[in-house]
Amino acid sequence: MGTLEYKSEISKTFSVVRSFSFNEKKNPLMDEETMNTFLDAILSFKSKMKEKAETISIITERMDKLTWFTNPDEDSLMLLNDLISAAKDVHSSLIRQYVSLTPLRKKGIAREEIKAWKSSIDELKESYEDLESVFFFLPEMPDFAETTKQLSLV
């Protein structure tokens, strides 16, 4: 390479750097519009997490009320069994979603909302486990059956 070629390459590179520098000063990476869009996305995500947690809590409350039913017939027990299976399935899906949010949790994004959502997922699990115990496991225990009978007399 001769001197002219050096000067030509240097000039071309300088021109690229100069244009890039000018554009970056004129249009920085985080202009106000980009920052607002980013923050709006985080707010939208937080809102969705809160909404999901509320929906799970409503479902959990409904399932908790079912534990007070006494002497369900076979059809009702079959429906309860189906409900427990569906709740287990949704719990499994929600746990997979929670695990997929690990990068956000590590960065502290929507920490409180994710924590509340996880808490509602845990409550859902407790609720379907209670249903399963009350209607399928505990009735098989003689002491439980006797205690339940005595409580129903009160």
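Higher on the page you've got the structure.
Conventions we followed
- In this numbering scheme, every chain counts its residues from 1 along its sequence in written order.
- Owing to the predicted nature of the model, reporting of local features is limited to residues with pLDDT of at least 70; listing and counting of side-chain atom pairs is limited to 80 or more, with chain, interface and lining totals taken over all residues.
- Side-chain measures here rest on the full set of heavy atoms in the structure, leaving out hydrogens and waters.
- Numbering of helices and strands runs from the N terminus, with a helix taken as a DSSP run of H or I at least four residues long and a strand as a DSSP run of E at least two residues long.
- For this document, the term salt bridge refers to a Lys or Arg side-chain nitrogen within 4 Å of an Asp or Glu carboxyl oxygen.
- Think of it in three bands: residues with accessible area under 20% of the maximum for their type are buried, residues over 50% are exposed, and the middle band is partly exposed, with areas taken using a 1.4 Å probe on protein chains only.
- Note that patches include only residues with greater than 30% relative accessible area and no salt bridge, and the join distances are 9 Å for like charges and 5 Å for nonpolar side chains (Val, Leu, Ile, Met, Phe, Trp, Tyr).
- The Shrake-Rupley method, run with a 1.4 Å probe sphere, supplies the accessible areas, and residue values consider only the shown protein chains as cover.
- Neither His nor the chain ends is counted toward charge; the positive residues are Lys and Arg and the negative residues Asp and Glu.
- To locate a charge, take NZ of a lysine, CZ of an arginine, CG of an aspartate or CD of a glutamate.
- Any helix carries an expected span of 1.5 Å times its number of residues minus one.
- Contacts were defined at the residue level, with two residues in contact if any of their heavy atoms lie within 4.5 Å.
- Remark: nonpolar core denotes a set of buried residues (Ala, Val, Leu, Ile, Met, Phe, Trp, Tyr, Cys) joined through side-chain atoms within 4.5 Å.
- Aromatic contacts are taken between Phe, Tyr and Trp rings whose centres are within 6.5 Å, Trp giving its six-membered ring; a plane angle under 30 degrees counts as stacked, one over 60 as edge-to-face, and the others as tilted.
- When the NZ atom of lysine or the CZ atom of arginine is within 6 Å of a ring's centre and also within 35 degrees of its normal, the charge is said to sit over that ring.
- Angles shown run from 0 to 180 degrees and are taken between the N-to-C directions of axes, each axis being a line fitted to C-alpha atoms and, for helices, limited to the stretch in contact.
- Oblique is the label for every angle not falling under 35 degrees (roughly parallel), over 145 degrees (roughly antiparallel), or within 65 to 115 degrees (roughly perpendicular).
- Left-handed describes a crossing whose near helix is turned anticlockwise from the far helix by less than a right angle; the clockwise case is right-handed.
- Side-chain classes are defined by residue name, with Ala, Val, Leu, Ile, Met, Phe, Trp, Tyr, Cys and Pro counting as nonpolar, Asp, Glu, Lys and Arg as charged, and the others, Gly among them, as polar.

Engineer: Residues and numbers for the environment of Leu43, please.
Structural biologist: Along the polypeptide, Leu43 turns up in helix α2 (residues 32–66). Taking the C-alpha atoms as reference points, Leu43 and Ala110, separated by 67 residues in sequence, lie 8.5 Å from one another.

Engineer: Requested: an account of the pattern of salt bridges, with residues and values cited.
Structural biologist: Summed over all chains, the structure comprises two salt bridges. One salt bridge in this structure joins Lys88 and Glu132, with 3.0 Å as the shortest N-O distance. Placement of Lys88 in helix α3 (residues 74–100) and of Glu132 in helix α5 (residues 111–137) is noted, with a sequence separation of 44 residues between them. Close ionic contact of Lys118 with Asp122 constitutes a salt bridge, the shortest N to O distance being 2.6 Å. One end of the pair is Lys118 and the other is Asp122, both in helix α5 and four residues apart, which spans about a single turn. Among the residues examined, Asp122 registers a relative accessible area of 37% and is labelled partly exposed.

Engineer: Tell me about a negative patch on the surface, and name the residues and values.
Structural biologist: Taken together, the side chains of Glu61, Asp64, Glu123, Glu126, Glu129 and Asp130 present a region of like negative charge at the surface. Contributing elements (two or more residues each) for the negative patch: α2 and α5. Among the elements that take part in the negative patch, α5 stands out by supplying four residues, more than any other. Structurally, Asp64 is set in helix α2. By relative accessible area, which is 33% here, Asp64 ends up partly exposed.

Engineer: Describe in detail α5, supporting the description with residues and values.
Structural biologist: Given a rise of 1.5 Å per residue, 27 residues ought to cover 39 Å, and the 37 Å separating the end C-alpha atoms of α5 matches this to within 8%. Here α5 has its buried residues at Ile114, Trp117, Ser120, Ile121, Leu124, Ser127, Tyr128, Leu131, Glu132 and Phe135. For α5, the secondary structure elements touched by its buried residues are α2, α3 and α4 (102–107).

Engineer: Run through the nonpolar core, naming residues and quoting values.
Structural biologist: By size, the foremost hydrophobic cluster in this structure holds 20 residues, and its most contacted members are Ile56, Met63, Leu80, Leu94, Ile114, Trp117 and Leu131. Sorting the residues of this core by element identifies α2, α3 and α5 as the ones contributing at least two each. Ranked by residue count, the leading element in this core is α5, at seven residues.

Engineer: Explain the packing of aromatic side chains residue by residue, including any values.
Structural biologist: In the structure shown here, the tally under the stated rule is one aromatic pair. Ring geometry for Tyr98 versus Trp117: centroids 6.4 Å apart, planes at 45 degrees, classification tilted. Here Trp117 lies in helix α5 and Tyr98 lies in helix α3, a separation of 19 residues in the sequence. In terms of burial, Tyr98 and Trp117 fall into one category: buried. Against the face of Tyr98 rests Lys118, its NZ or CZ located 5.4 Å from the ring centre.

Engineer: Kindly report on the packing of α2 against α3, identifying the contributing residues and their values.
Structural biologist: Orientation of α2 relative to α3, taken along the N-to-C sense of each, is 155 degrees, at an axis distance of 13 Å. Comparing the axis directions of α2 and α3 gives the class roughly antiparallel. Of the two elements, α2 crosses α3, and the hand of that crossing is left-handed. Across the interface between the two elements, Lys52, Ile56, Met63 and Leu66 from α2 touch Leu80, Leu83, Ala87, Leu94 and Gln97 from α3. Its residues assigned to classes, the contact of α2 with α3 comprises seven nonpolar, one polar and one charged.

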